[in-house]
Amino acid sequence: MPAFDLAIRGGTVVTAADTVRADVGIRDGRIVAVAERVEGASREIDASGLLVLPGGIDSHVHIAQDSGPGITMADDFASATRAAAAGGNTCVMPFAMQKKGESLRGAVEAYRRLAEGQCLIDVGFHLIISDPTPEVLGQELPALLKDGFTSFKVFMTYDDLVLSDRQLLDVFDVARQEGALVMVHAEGYDAIRYMTERLERAGRTAPIGHALSRPEVVEREAAHRAISHAELVDVPIMIVHVSGREAMEQVRWAQARGLKVYAETCPQYITLTAEDLDRVDMEGAKYVCSPPPRDQESQRAIWEGIEQGVFQLFSSDHCPFRYDDPKGKLNPRGRSSFRWVPNGIPGIETRLPILFSEGVSAGRISLNRFVELTSTNHAKFYGLYPRKGSIAPGFDADITIWDPARRETIRQDALHHGSDYTPWEGFEVTGWPVTTVAGGRVVFDRGRFVDEAPAGRVLQRDLSPYAVPRGRAPAPSA
Ligand code: DUC
Ligand code: ZN
Ligand code: ZN
């Protein structure tokens, strides 16, 4: 019997730490050998001239999430995980969203039912807590953490999701006690409402109003408030989708104080600007996401943060809606005001090529830093390491074979997500995923799905080592 089910031969293996010429041997879905030469495999892939990378892990994606009356997300778990795999990913982390008045456990079971038996690659759910009742905080959340749902997101804006400062503090307190990692959507609810009402009164209802209603100061204030609450409670937090200098500097300031404040950014904040929301007619709606893209100086600030290590994660925040659809961006109310344009853009398939091209090919970051930002750190921060996020014996055989020289132009026609557009239509990149191996299965190869079995699992994750408090005692509880 051959020693390996699959051997990837002749490539350059890149991890967050090393770049070496090596073969990779795979058996039973795991990596079992990384060596100068592996012999005896049932199947071989010739990776000469190519890079062999840990499969991308996208730890911030929204799939089949309830988006309010009359609005439908463009991806289900089948289409989202296929698009992810085509874009070089082997694991994604969507959200199980609690609705106010409903149980958190019920939300998890409902999303699990949507995912199970549908996914091409592995998924691991974060929780969204919108109603932190004593029952949720005292019973449901601790039990769900033990079941492997070890991170959750809280929102500082949106009518249906916003938590008060007191609720944030209570949720942070449970996270500290239980060792959960909290993701924070940092935009201030009241400031956005104030701006939205003023803009609407002034007749500024086009999609650009979305960017005008939530300027950087709104994000900076919320980031600072979240950081302050986290310091008070002594809980680590991850500020997600940081869009520009103001919030980035809050995170950098917190890190310099020794606080465990981490940050994520996304492709839209290094490539798009608010001017995209100002396109003619309703075209700008295609770019409505929160926080909104800013300007070129903000893009420089995000690169500064990436280069200085302020950011640990680069995720897509994939939140797909169709454009030309009454259930999507062009819903009837959306035409009347930006306030009703669903927030979010598709990006699950284009995240890796955009960062590779703008980062590695443009000479801004090393290959190893690319791997760290797109795979390894996602596994480490969200309790999947050392199962995923690297190439070494014992890791899941989740691998992307990458052509660093291939030039491509991003086109909707060639993508696999459920949206009817991409914000990056016509965007040119250097560097492209060629083959995706998920759990030892070759699922996507040179533009085609070759194993379509929905064998992706719903993962249980460990507690994050990054969620351990600093050990500064908070106020006594009695
Ligand atoms: N927040 C997200 O995290 N994703 C999409 C939209 C939003 O507001
Ligand atoms: Zn968010
Ligand atoms: Zn999001």
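For the structure, check the block above.
Please read these numbers as outputs of a predicted model, since none were measured by experiment. Residue numbering note: each chain is counted from 1, following its sequence as written. Going through the entries in the order they are written, you letter the chains from A and number the ligands from 1. Only residues with pLDDT of at least 70 get local features here, since the model is predicted, and only at 80 or more are side-chain atom pairs given and counted; chain-wide, interface and lining totals rely on the full set of residues. Note that water and hydrogens are dropped before the side-chain values are worked out from all heavy atoms of the structure.

Student: Quick question: what am I supposed to make of the pattern of salt bridges here?
Tutor: Where side chains of opposite charge bring their charged atoms close, a pairing between them can arise. The working definition used for a salt bridge is a side-chain nitrogen of Lys or Arg within 4 Å of a carboxyl oxygen of Asp or Glu. Tallying each qualifying case throughout the model produces 44 salt bridges. For aspartate 66, the salt bridge is made with lysine 99, and the minimal N-O distance between the two is 2.8 Å. Of this pair, aspartate 66 sits in the loop between β8 (56-58) and α1 (77-86) while lysine 99 sits in the loop between β10 (95-97) and α2 (104-115), placing them 33 residues apart in sequence. Only protein chains enter the accessibility calculation, which uses a 1.4 Å probe; a residue is then buried when its area is under 20% of its type maximum, exposed when over 50%, and partly exposed in between. A residue is classified by how much of its surface remains accessible, and aspartate 66, at 37% relative accessible area, is partly exposed. According to the relative accessible area criterion, lysine 99 is partly exposed, its value standing at 36%. For arginine 411, the salt bridge identified is with glutamate 425, shortest N-O distance 3.5 Å. With arginine 411 in the loop between β18 (399-409) and β19 (428-438) and glutamate 425 in the loop between β18 and β19, this pair connects stretches of sequence that are 14 residues apart. By sharing partners, the salt bridges in this structure join Arg30, Asp122, Lys388, Asp396, Asp398 and Arg457 into a single network. For helices the rule is a DSSP run of H or I covering at least 4 residues; for strands it is a run of E covering at least 2, with both sets numbered from the N terminus onward.

Student: Looking at this model, I keep getting lost on the packing of aromatic side chains. Mind explaining?
Tutor: Each aromatic ring pair is described using two quantities: the centre-to-centre distance and the angle formed by the ring planes. Note on ring pairs: Phe, Tyr and Trp rings are taken, using the six-membered ring of Trp, and paired if centres are within 6.5 Å. Classes follow the plane angle, with under 30 degrees stacked, over 60 edge-to-face and the rest tilted. Tallying each qualifying case throughout the model produces twelve aromatic pairs. Aromatic pair phenylalanine 155 and tyrosine 158: ring centres 5.9 Å apart, planes at 55°, arrangement tilted. Judged by its relative accessible area of 4%, phenylalanine 155 falls in the buried class. For tyrosine 158, a relative accessible area of 25% translates into the label partly exposed. A ring pair is formed by phenylalanine 356 and tryptophan 402, whose centres lie 5.1 Å apart and whose planes are at 40°; its orientation type is tilted. Here phenylalanine 356, found in helix α12 (residues 351-361), pairs with tryptophan 402, found in strand β18; they are 46 residues apart in sequence, far enough to count as distant.

Student: Just checking my understanding: could you explain the side chain of serine 298 for this structure?
Tutor: Positionally, serine 298 belongs in helix α10 (residues 296-308). For serine 298, a relative accessible area of 3% translates into the label buried. Beyond its immediate chain neighbours, meaning those up to four positions away, serine 298 contacts Glu216, Ser243, Gly244 and Arg245. Contacts are assigned to residue pairs that have any heavy atoms within 4.5 Å of one another.

Student: Is there a simple way to think about the coordination of the zinc ion (ligand 2) in this case?
Tutor: As a benchmark, a tetrahedral metal site with four donors has ideal angles of 109.5 degrees, while an octahedral site with six donors has ideal angles of 90 or 180 degrees. Note: metal donors comprise N, O and S atoms at 2.8 Å or less from the metal (3.2 Å for Na, K and Ca); water molecules are not included, so apparent gaps in a site are possible. For the zinc ion (ligand 2), every protein donor is listed as Lys153 (NZ), His185 (ND1) and His241 (NE2), and the spread of their distances is 2.1 to 2.2 Å. Sequence spacing of the donors to the zinc ion (ligand 2): K-x31-H-x55-H. The metal-metal distance between the zinc ion (ligand 2) and the zinc ion (ligand 3) comes to 3.9 Å. Pair noted here: lysine 153 is in strand β13 (residues 151-155) and histidine 241 is in the loop between β15 (237-239) and α8 (245-256), with a separation of 88 residues, a long-range link. Among the residues examined, lysine 153 registers a relative accessible area of 1% and is labelled buried. Classification of histidine 241 by relative accessible area gives buried; the value is 1%.

Student: Looking at this model, I keep getting lost on the pairing of strand β5 (residues 30-35). Mind explaining?
Tutor: One face of the sheet, then the other: side chains in a regular strand alternate in exactly this way. Whether two strands pair depends on DSSP finding at least two bridges between them. Pairing between strand β4 (residues 23-27) and β5: five bridges, direction antiparallel. Paired with isoleucine 26 across the bridge in β5 is isoleucine 31. In sequence, β4 turns back onto β5 through a hairpin of two residues, with aspartate 28 there showing a positive phi of about 50°.

Student: Could you clarify how one ought to interpret the site of ligand 1 in this entry?
Tutor: Proximity is defined per residue: any heavy atom of the residue falling within 4 Å of a molecule or strand makes that residue near it. Taken together, His60, His62, Lys153, Tyr158, His185, His241, Ser290, Asp317, Cys319 and Asn343 make up the full set of residues near ligand 1. One nitrogen or oxygen atom from the side chain of histidine 185 is found 3.4 Å from a nitrogen atom belonging to ligand 1. Polar contact is the term for a pair of N or O atoms within 3.5 Å; when the atoms are in protein, one must be able to donate a hydrogen and the other to accept it, and sequence-neighboring residues count only if both atoms are side-chain atoms. The separation between an oxygen atom of ligand 1 and a polar side-chain atom of histidine 241 is 3.1 Å. With the chains in place, 96% of the 230 Å² that ligand 1 exposes on its own is no longer accessible. Residues are grouped as follows: nonpolar covers Ala, Val, Leu, Ile, Met, Phe, Trp, Tyr, Cys and Pro; charged covers Asp, Glu, Lys and Arg; every other residue, Gly included, is treated as polar. Residue classes in the shell around ligand 1 are distributed as two nonpolar, six polar and two charged. Computed with the Shrake-Rupley method and a 1.4 Å probe, the accessible areas treat only the protein chains shown as cover for residues.

Student: Looking at this structure, I do not really get the nonpolar core. What am I missing?
Tutor: It is characteristic of soluble globular proteins that their nonpolar side chains tend to be buried jointly. Phe152, Phe172, Ile237 and Phe370 are the most contacted members of the largest nonpolar core, which totals 127 residues. Domain segmentation is taken from an automatic or database assignment of domains. Each of two domains, domain 1 (4-54 + 390-449) and domain 2 (56-365), supplies a minimum of three residues to this core. Sequence-distant contacts of phenylalanine 370, defined by excluding residues within four places in its chain, comprise Leu53, Leu352, Leu355, Phe356, Val360, Ile365 and Trp402. The set of buried Ala, Val, Leu, Ile, Met, Phe, Trp, Tyr and Cys residues whose side-chain atoms join them within 4.5 Å is what this entry labels a nonpolar core.

Geometric values such as these leave the question of function open.
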